Amino acid sequence: MTTMTETSARFREFKMPDVGEGLTEAEILTWFVQPGDTVTDGQVVCEVETAKAAVELPIPFDGVVHELRFPEGTTVDVGQVIITVDVAPGSRDAPAPAAAAPAQEPVEAPEAEAEPKGRTPVLVGYGVAETSTKRRPRKGAAPAPEAAAAAAAVQAELNGHGAPAAEPGAPSARPLAKPPVRKLAKDLGIDLATVVPTGKDGIITREDVHAAAAPAEAPAAAPAAPAVTDAEAPAVVSDSARETRIPVKGVRKAIAQAMVGSAFTAPHVTEFVTVDVTRTMKLVAELKEDKDMAGVRVNPLLVIAKALLVAIKRNPEVNAAWDEANQEIVQKHYVNLGIAAATPRGLIVPNIKDAHDKTLPQLAEALGELVTTARDGKTSPAAMAGGTVTITNVGVFGVDTGTPILNPGESAILAVGAIKLQPWVHKGKVKPRQVTTLALSFDHRLVDGELGSKVLADVAAILEQPKRLITWA
């Protein structure tokens, strides 16, 4: 007979790790495994989204998936068990595998007998220390199963069809849909269990989700339902058609908190300058033909980044941070250059570590890798930490400039506007020239107007006469 200890030893628990910089929770976006699947050490089992990025989680042992503790779309605290694995699947007396628990039913993680007290190692850093403090239940969590079923039925009616009646005693099947379709359904607030699939082998398609999201026409007759007046019906349809409520979480929540914190903590000052960058554009064209730049992407942003690095070298006091707790200004003797990037998940600001030490080809390579990683949604939290100054290229959207908000903890941010052909006085004559507008926002607690003006003027001077990259370097 198998003892309790032997049975417990068969199953290993994998907890939500701290995937970077002391984050306290993450949302499970996609499960790549299901109960009964065989997993190996290092295999990615799920993708989670933190307040900074989407991260794939590998499992650190072999076995067969026994239970998924949370369904997709659930926000889980760091340190909670998210999956259990049977590491001895050949043994008897194993309880039946369980699928992910419904989102409405919170799961209490069983206490592992063999785990030591204190902080336990996770993928990155260490998990939270065990304490006797009990966490408050999440708002809106744990409705009764009857209420959840009723809510699903109502949602099905709003989607334009009723949920098919389940056979007595039959287990609820997980809807078949690819991860992008699941994300679309989540964004639109559609329960996949209520969507009628039209794809091959019963797979739900994007078209099925859009059809379910379309407002349904009211039935001509509903014998069992009370009559609805003409004055009431348009209000419901109007509300659902004219407004969409999107939960604030993940990257968007982090952006909101960071921008509010920065705007109301650091006194911003923004200065502007319009500059003739015709010579810079000629330099960019020449660099594209240079064999030393082969294989890397060359664009105006590369020269602008180098110009800012030279300006910081000439005015090192601008590269600093305000330490409120110790009432100190922290001078940085390195430059981690942030590049604001618009991604499908929202705005992120990864940075190039020690950008001040890089040659132009090295800087071009680092910029290319940064942009590619951001677009693929693979930017790690570590890549977004420790920035000192940032560049945001709003010109790619065709706008002239803006008043950028500082990335928290940084001293300055340079906005680059669109480069346009404009009439410009050049050598005493009005000629068409390539012109752009730069805007520099800085923290007035540690950067005075004179210092900020010098930095902006130096960047403009370099872009007007790129040879200063050599004479000033």
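Here, every reference points to the structure presented above.
Residues numbered from 1 in each chain as written. Predicted model: local features only at pLDDT ≥ 70, side-chain atom pairs only at ≥ 80, totals over all residues. Heavy atoms only, no water.

Points about the environment of His-66
Here is the rule we go by: Helical segments are the DSSP runs of H or I of at least four residues, strand segments are the runs of E of at least two, and each set is numbered from the N terminus.
Looking at the element boundaries, His-66 is found in strand E6 (residues 63-68). A C-alpha to C-alpha distance of 9.6 Å links His-66 and Thr-38, two positions 28 residues apart in sequence.

Examining the environment of Asp-376
Stated formally: Only protein chains enter the accessibility calculation, which uses a 1.4 Å probe; a residue is then buried when its area is under 20% of its type maximum, exposed when over 50%, and partly exposed in between.
Locating Asp-376 in the fold gives a position in the loop between helix H9 (360-375) and strand E18 (389-392). You can call Asp-376 exposed: its relative accessible area is 52%. Remark: the alpha-carbon pair of Asp-376 and Thr-343, spanning 33 residues in sequence, is separated by 8.3 Å.

Details of helix H4 (residues 206-213)
Applied cut-off: Here, the arc refers to the directions that run from the helix axis to the C-beta atoms.
All buried positions along H4 are accounted for by Asp-208, Val-209 and Ala-212. Buried residues of H4, viewed axially, fall in a sector of 100°; they line one side. In H4, the exposed positions angled more than 90 degrees off the buried face are occupied by Glu-207 and Ala-211.

A closer look at the pattern of salt bridges
The cut-off we apply is this: Note on definitions: salt bridges are taken to be side-chain nitrogens of Lys or Arg within 4 Å of carboxyl oxygens of Asp or Glu.
Taken as a whole and judged by the stated rule, the model has ten salt bridges. Close ionic contact of Glu-67 with Arg-69 constitutes a salt bridge, the shortest N to O distance being 3.1 Å. Take Glu-67 and Arg-69: they sit in the same class, and that class is buried. Salt bridges here are not isolated pairs; linked through shared partners, they connect Glu-13, Glu-67 and Arg-69.

Thoughts on unusual backbone geometry
One non-glycine residue with positive phi stands out, namely Asp-354, at about 50°. By secondary structure assignment, the location of Asp-354 is in the loop between strand E17 (351-352) and H9. A relative accessible area of 37% means that Asp-354 is categorised as partly exposed. Positioned with a positive phi, Lys-427 is a non-glycine residue whose angle comes to about 55°. Its location among the elements puts Lys-427 in the loop between strand E20 (420-426) and strand E21 (429-443).

Observations concerning the sheet that holds strand E5 (residues 54-58)
In plain terms, the rule: Here, any two strands with at least 2 DSSP bridges between them count as paired. Geometry is summarised by axes, namely lines fitted to C-alpha atoms with helices restricted to the contacting stretch, and by angles between N-to-C directions that run from 0 to 180 degrees.
Spatially, the four strands line up as an open sheet ordered E5-E4-E2-E7, and their pairing is antiparallel. What marks the edges here is a single partner per strand, and that holds for E5 and strand E7 (75-77). Going from strand to strand, the sheet's axes swing by 40° on average, the running direction of each strand aside. Where strand E2 (residues 25-31) lies against strand E4 (residues 44-49), four bridges are found, and the strand directions are antiparallel. Along E4, the bridge assignment pairs Glu-27 with Glu-49.

Description of the side chain of Asp-458
Where we set the bar: Contact between two residues is taken to exist if any of their heavy atoms lie within 4.5 Å; hydrogens are not considered.
Note that Asp-458 resides in helix H10 (residues 449-464). Excluding residues within four positions of it along the chain, Asp-458 makes contact with Ala-311, Arg-314, Asn-315 and Trp-472.

Things to note about the packing of helix H8 (residues 300-314) against H9
Applicable threshold: Should an angle fall under 35 degrees it is taken as roughly parallel, and over 145 as roughly antiparallel, whereas 65 to 115 is taken as roughly perpendicular and any remaining angle as oblique. Here a crossing is called left-handed whenever its near helix is offset anticlockwise from the far helix by less than a right angle, and right-handed whenever the offset is clockwise. Amino acids are sorted into nonpolar (Ala, Val, Leu, Ile, Met, Phe, Trp, Tyr, Cys and Pro), charged (Asp, Glu, Lys and Arg) and polar (every other residue, Gly among them).
Where H8 contacts H9, the axes come no closer than 10 Å and their chain directions differ by 120°. Of the possible angle classes, the one that applies to H8 and H9 is oblique. Crossing hand, H8 versus H9: right-handed. Contact residues: H8 offers Leu-301, Leu-302, Ala-305, Lys-306 and Leu-309, while H9 offers Leu-360, Leu-363, Ala-364 and Leu-367. Classifying every residue of the contact of H8 with H9 gives eight nonpolar, no polar and one charged.

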